[in-house]
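# Breakdown of the fold
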Amino acid sequence: MRTGYLGPEGTFTQEALLASAHGGGLELVALPTIYDTVMAVHEGSVERALVPIENSLEGSVNATLDALAVETDDVAIVGEVVHPIRHCLIARTPLELSQIETVVSHPQATAQCARFLRARLPAARVLAGDSTADAVRMVAEREDRWAALGNRLAAERYHCQILRSGVEDLPGNETRFVWLARPGAAPGPPGRDEPPLGPWKTAIVFWGLGAEAPGWLVSCLSEFSQREVNLTRIESRPRKQGLGRYMFFADLEGAEDQPSVAEALAALKAHVEELRVLGSFPAFTDD
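These notes cover the structure that comes with them. Here the residue numbering is sequential within each chain, running from 1 through the sequence in written order. With pLDDT at 70 or above as the cut-off, local features in this predicted model cover only qualifying residues; side-chain atom pairs require 80 or more to be listed or tallied, and sums for whole chains, interfaces and linings still use all residues. Based on all heavy atoms of the structure, the side-chain values leave hydrogens and waters out of the count.

## Describing the overall build of the protein
Under the convention used in this document: Strands are runs of DSSP state E lasting at least 2 residues, helices are runs of H or I lasting at least 4, and numbering of each runs from the N terminus. Taken over C-alpha atoms, the radius of gyration is set against a globule rule of 2.2 Å times the number of residues to the power 0.38. Burial classes follow relative accessibility: with a 1.4 Å probe on protein chains only, a residue under 20% of its type's maximum area counts as buried, one over 50% as exposed, and anything between as partly exposed. What sets the accessible areas is the Shrake-Rupley method with a 1.4 Å probe; for residues, cover comes only from the shown protein chains. When charges are counted, Lys and Arg contribute as positive and Asp and Glu as negative, whereas His and the chain ends are disregarded. Think of each charge as sitting on NZ of Lys, CZ of Arg, CG of Asp or CD of Glu.
In terms of regular secondary structure, the protein is built from nine helices and 15 strands. In terms of overall size, the protein behaves like a compact globule, its C-alpha atoms giving a radius of gyration of 20 Å where 287 residues would be expected to give roughly 19 Å. Across the 287 residues in the protein, those meeting the buried criterion constitute 49%. Surface exposure of the protein reaches about 13500 Å², of which carbon and sulfur atoms provide 48%. Of the side-chain charges in the protein, 26 are positive and 39 negative, and the distance between the mean point of each set is 6 Å.

## Describing the environment of Arg182
For the record, the criterion: Two residues form a contact once any of their heavy atoms are found within 4.5 Å. Distance and chemistry together define a polar contact, namely a pair of N or O atoms within 3.5 Å, with one atom able to donate a hydrogen and the other to accept it when in protein, and with adjacent residues in sequence counting only for side-chain atoms on both sides.
Along the chain, Arg182 turns up in the loop between β11 (174-181) and β12 (200-207). Owing to a relative accessible area of 38%, Arg182 belongs among the partly exposed residues under this scheme. Sequence separation between Arg182 and Asn230 is 48 residues; the distance between their C-alpha atoms is 26 Å. Beyond its immediate chain neighbours, meaning those up to four positions away, Arg182 contacts Val41, His42 and Asp74. Polar side-chain contacts of Arg182 include one of 3.1 Å to the backbone oxygen of His42.

## Brief notes about the packing of aromatic side chains
Our working rule: When two rings of Phe, Tyr or Trp (its six-membered ring) have centres within 6.5 Å they constitute a pair, described as stacked for plane angles under 30 degrees, edge-to-face for angles over 60, and tilted for the intermediate range.
Tallying each qualifying case throughout the model produces three aromatic pairs. Arranged with centres 5.7 Å apart and planes meeting at 25°, the rings of Phe206 and Phe248 form a pair that is stacked. With Phe206 in strand β12 and Phe248 in strand β14 (residues 246-253), this pair connects stretches of sequence that are 42 residues apart. Where Trp216 meets Phe248, the ring centres are 5.8 Å apart and the plane angle is 50°; that geometry is what we call tilted. Of this pair, Trp216 sits in helix α8 (residues 216-225) while Phe248 sits in strand β14, and the two are 32 residues apart along the sequence.

## A word on the nonpolar core
For soluble globular proteins, nonpolar side chains are generally found buried alongside one another. Counted only if it meets this: In this description, a nonpolar core means a group of buried Ala, Val, Leu, Ile, Met, Phe, Trp, Tyr and Cys residues linked to one another through side-chain atoms lying within 4.5 Å.
Val38, Leu68, Ile77, Leu180, Val205, Phe249 and Leu278 are the most contacted members of the largest nonpolar core, which totals 27 residues. For Leu68, the contacting residues outside a window of four places in its chain are Val38, Val75, Ile77, Leu180, Arg276 and Leu278. Of all hydrophobic cores here, the second largest spans 16 residues; its members include Val103, Ala109, Ala124 and Val167.

## A closer look at the packing of α8 against helix α9 (residues 259-268)
Heads up, the condition is: To get an axis, a line is fitted to the C-alpha atoms, and for a helix only the part in contact is used. The angle between two axes follows their N-to-C directions and goes from 0 to 180 degrees. To sort the angles, those under 35 degrees are grouped as roughly parallel, those over 145 as roughly antiparallel, those from 65 to 115 as roughly perpendicular, and the leftovers as oblique. What makes a crossing left-handed is the near helix being turned counterclockwise from the far one by less than a right angle; a clockwise turn instead makes it right-handed. Throughout, the ten residues Ala, Val, Leu, Ile, Met, Phe, Trp, Tyr, Cys and Pro are labelled nonpolar, Asp, Glu, Lys and Arg are labelled charged, and all others, Gly among them, are labelled polar.
Between α8 and α9, whose axes approach to 8 Å, the crossing angle comes to 160°. The angle between the axes of α8 and α9 places the two elements in the roughly antiparallel class. In terms of crossing hand, the pair formed by α8 and α9 is right-handed. Of the residues in α9, those in contact with Cys220, Glu223 and Phe224 of α8 are Ala264, Leu265, Ala267 and Leu268. Residue composition of the contact of α8 with α9, grouped by class: six nonpolar, no polar and one charged.

## Comments concerning the sheet that holds strand β15 (residues 274-282)
Applicable threshold: By the convention used here, strands pair only if DSSP detects at least 2 bridges between them.
Spatial ordering of the open sheet is given by β13-β14-β12-β15, a layout of four strands whose pairing is antiparallel. With one partner strand each, in any of the chains shown, β13 (231-238) and β15 form the two edges of the open sheet. Taking each pair of neighbouring strands and ignoring which way they run, the sheet shows an average axis angle of 15°. Both β13 and β14 contribute to a ladder of seven bridges, which runs antiparallel. Counterpart to Glu235 in the pairing with β14 is Phe249.

## Concerning the packing of helix α2 (residues 34-43) against helix α3 (residues 62-71)
At a minimum axis distance of 9 Å, the contact between α2 and α3 shows a crossing angle of 40°. Taken as axis vectors, α2 and α3 run oblique relative to one another. Along this stretch, α2 crosses α3, giving a crossing that reads as right-handed. Touching Ile34, Tyr35, Val38 and Met39 of α2 are Ala63, Thr64, Ala67, Leu68 and Glu71, all from α3.

## Here's the deal with the side chain of Gln112
Relative to the assigned elements, Gln112 resides in helix α4 (residues 107-112). A distance of 3.3 Å separates polar atoms of two side chains, one belonging to Gln112 and the other to Asn55. With residues up to four places along the chain from it excluded, the contact list for Gln112 reads Asn55, Leu57, Glu58, Ile85, His87, Glu168, Asp169 and Asn173.

That's the geometry; what it means functionally is another story.
The following block contains the structure:
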């Protein structure tokens, strides 16, 4: 099965993919951006893909939300995995911290390690890279005193040295990744033969004609509370059609065809201009 992920080789996305996919037989395809990864599923060049959607320190990954809501309506979330994020400070050759002139990484990574950078590398300039793995690759190709924030997989892949490990600001840093496929695909990660057990989630996005009216969002959300459907996440994103126009993303406990969830979604349609189910899928468990 051709399986895409946010590349290049050595990203945390690849690390999560290798930890969560079941069995062999996967042809891994590294893709340059989240947009490209989502659209590869849309275009059929991969059957499954894994992208980050939420980090415990920095919140949602907006590129994933926007791609799913705006760029295509035929890519579904079919599963999720929560993966620990352990950042390392990586260089081409052994360096003392005082020797490092530049640190490069993805903006999410530098934000997650901001305290370490301020306290231990106050004189180093911080540059943005396309991904943590790409940052390590850049450092591997340079002979000056650069370092990257990335993972052990990237350090091994690009033959670099780990100067410090565990440099994230807070312990317990985790990222939630979602498996993507075309609608109707079997739920869960690729390579899984047995049916998924345990709780399910449903992810939605909606926006409405009455969004400017007082109490509109309360009316929308009351459709879930009245039916005792719990929301595990809700947030807004601009619709990119002018100030004050938003779309709302929510995750619900329960499968789309569960009676209480189905009734709540049907009732919500009466309040909104557009309601899309982004996916109904087995929730991540540690089992």
